[in-house]
Amino acid sequence: VRRLASEGTRPKLPWAQKLTIPCTAPLPILDMLYTDRTRFVTRSVANHLNDIAKLEPDLVLSTLRRWQKSEQQNKKEMVFITRHALRTLIKQGNKDALTMIGFGATPDIQLSKLQTSTPQVVVGQAFEFSCELESRKQQSLNIDYLMHYQSAKGISQKVFKLKQVDLAKGEHISLSKRHPMRLMTTRRLYAGEHKITLQVNGIAFGELA
């Protein structure tokens, strides 16, 4: 029932009829539920905030700051709620969201050897790429990649997680990824040039087609 209170008032619940109430209306419910000791409840609260973040990002950031300050939820679970609630804003490169989870600093890196072993991909196979990063200072990096898809209306894009890492000055890391190019219920694949862009702490680095 506690989970239903959160799920049933989400403004963007997948596979469900969309609500017409203001996205701010259920906040008093979430204020009662974020302190819950059960993960399937707090996960729903975080998913609910992630929905609101697509409409009112500043409201979500201020709500999380208020909850953190209250110390009514244990620290580990509050970290989970924060990260899960901010995942869309983090993928969008929102500076305040990245700062809240410790990745707000401008990255100072050298990107090299961004390359692919699969320059042509058949539907059902995978696009494989790799690269190397050198850190020019001690820093924490949130590394994602944007896939730029061909679509019926031009180009669409989706962000995928790659790695979170702490690096010392002069440290090198190698990254690789195998991205399946398969049919999904929510996305149709179209023939044509696709691209990826690395995104480090919300900033674009390099491009590969």
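For the structure, check the block above.
Residues numbered from 1 in each chain as written. Predicted model: local features only at pLDDT ≥ 70, side-chain atom pairs only at ≥ 80, totals over all residues. Heavy atoms only, no water.

1. So, the overall build of the protein
For clarity, the cut-off: Each helix is a run of H or I in the DSSP string that is no shorter than four residues. Each strand is a run of E no shorter than two, and both are numbered from the N terminus. Only protein chains enter the accessibility calculation, which uses a 1.4 Å probe; a residue is then buried when its area is under 20% of its type maximum, exposed when over 50%, and partly exposed in between. Pairs of residues are marked as contacts when any of their non-hydrogen atoms sit within 4.5 Å. The Shrake-Rupley method, run with a 1.4 Å probe sphere, supplies the accessible areas, and residue values consider only the shown protein chains as cover.
The secondary structure content of the protein amounts to 7 helices and 7 strands. For the protein, the α and β elements follow one another from N to C terminus as α-α-α-α-α-α-α-β-β-β-β-β-β-β. C-alpha extents for the protein along the principal axes are approximately 50 × 45 × 25 Å. For the protein, the residues scored as buried account for 42% of the 209 residues in total. The contacts of the protein with a sequence gap of at least 6 include a subset with a gap of at least 24, amounting to 64%. When the accessible surface of the protein is totalled, it reaches about 11,900 Å², and 51% of it is carbon and sulfur.

2. Some thoughts on the pattern of salt bridges
The condition that has to hold: Salt bridge criterion: a side-chain nitrogen from Lys or Arg within 4 Å of a carboxyl oxygen from Asp or Glu.
Scanning the model with the defined rule gives 11 salt bridges in all. A salt bridge links Arg 136 to Asp 108; its shortest N-O distance comes to 3.9 Å. In this pair, Arg 136 sits in the loop between strand 2 (126-135) and strand 3 (139-151) while Asp 108 sits in the loop between helix 7 (95-100) and strand 1 (109-116), placing the two residues 28 residues apart along the sequence. Since its relative accessible area comes to 42%, Arg 136 is described here as partly exposed.

3. What about the packing of aromatic side chains?
Heads up, the condition is: Centre distance within 6.5 Å is the pairing criterion for rings of Phe, Tyr and Trp, where only the six-membered ring of Trp is used; planes under 30 degrees apart are then read as stacked, over 60 as edge-to-face, and the remainder as tilted. Note on geometry: a ring has a charge over it if NZ (lysine) or CZ (arginine) is within 6 Å of the ring centre and within 35 degrees of the ring normal.
Within the structure shown, the criterion is met by 4 aromatic pairs. Positioned above the aromatic ring of Phe 80 is the side chain of Arg 39, whose terminal nitrogen or guanidinium carbon lies 3.6 Å from the ring centre. Here the basic side chain of Lys 158 rests over the ring of Phe 160, its NZ or CZ set 5.7 Å away from the ring centre.

4. Concerning the packing of helix 3 (residues 39-53) against helix 4 (residues 57-70)
Selection rule: Lines fitted to the C-alpha atoms define the axes, with helices restricted to the stretch that makes contact. Angles between their N-to-C directions range from 0 to 180 degrees.
It is the contact of helix 3 with helix 4, at a shortest axis distance of 7 Å, that shows an interaxial angle of 145°. Where helix 3 abuts helix 4, its residues Val 45, Leu 49, Ile 52 and Ala 53 lie against Pro 57, Leu 59, Val 60, Thr 63, Leu 64 and Trp 67.

5. As for unusual backbone geometry
Positive phi, close to 55°, is recorded for Lys 113, a residue that is not glycine. Note on placement: Lys 113 falls in strand 1. Here the phi dihedral of Asn 201 falls at roughly 50°; this positive angle occurs in a residue that is not glycine.

6. Considering the nonpolar core
For clarity, the threshold we go by: We define the nonpolar core as a collection of buried residues of types Ala, Val, Leu, Ile, Met, Phe, Trp, Tyr and Cys that are connected through side-chain atoms lying within 4.5 Å of one another.
Judged by nonpolar contacts, the single largest core of 26 residues is most densely connected at Leu 49, Leu 64, Trp 67 and Leu 86. Counting residues per element, the ones that place at least two in this core are helix 2 (27-33), helix 3, helix 4, helix 5 (75-85), helix 6 (87-91) and helix 7. The element best represented in this core is helix 3, accounting for 6 residues. Once residues lying within four places of it in the same chain are set aside, the contact partners of Trp 67 are Leu 30, Asp 31, Tyr 34, Val 45, Leu 49, Met 78 and Ile 81. Leu 111, Cys 131, Met 147 and Leu 175 belong to the second largest nonpolar core, which has 24 residues in total.

So, to be careful, I would describe these as geometric facts and stop short of saying anything about function.
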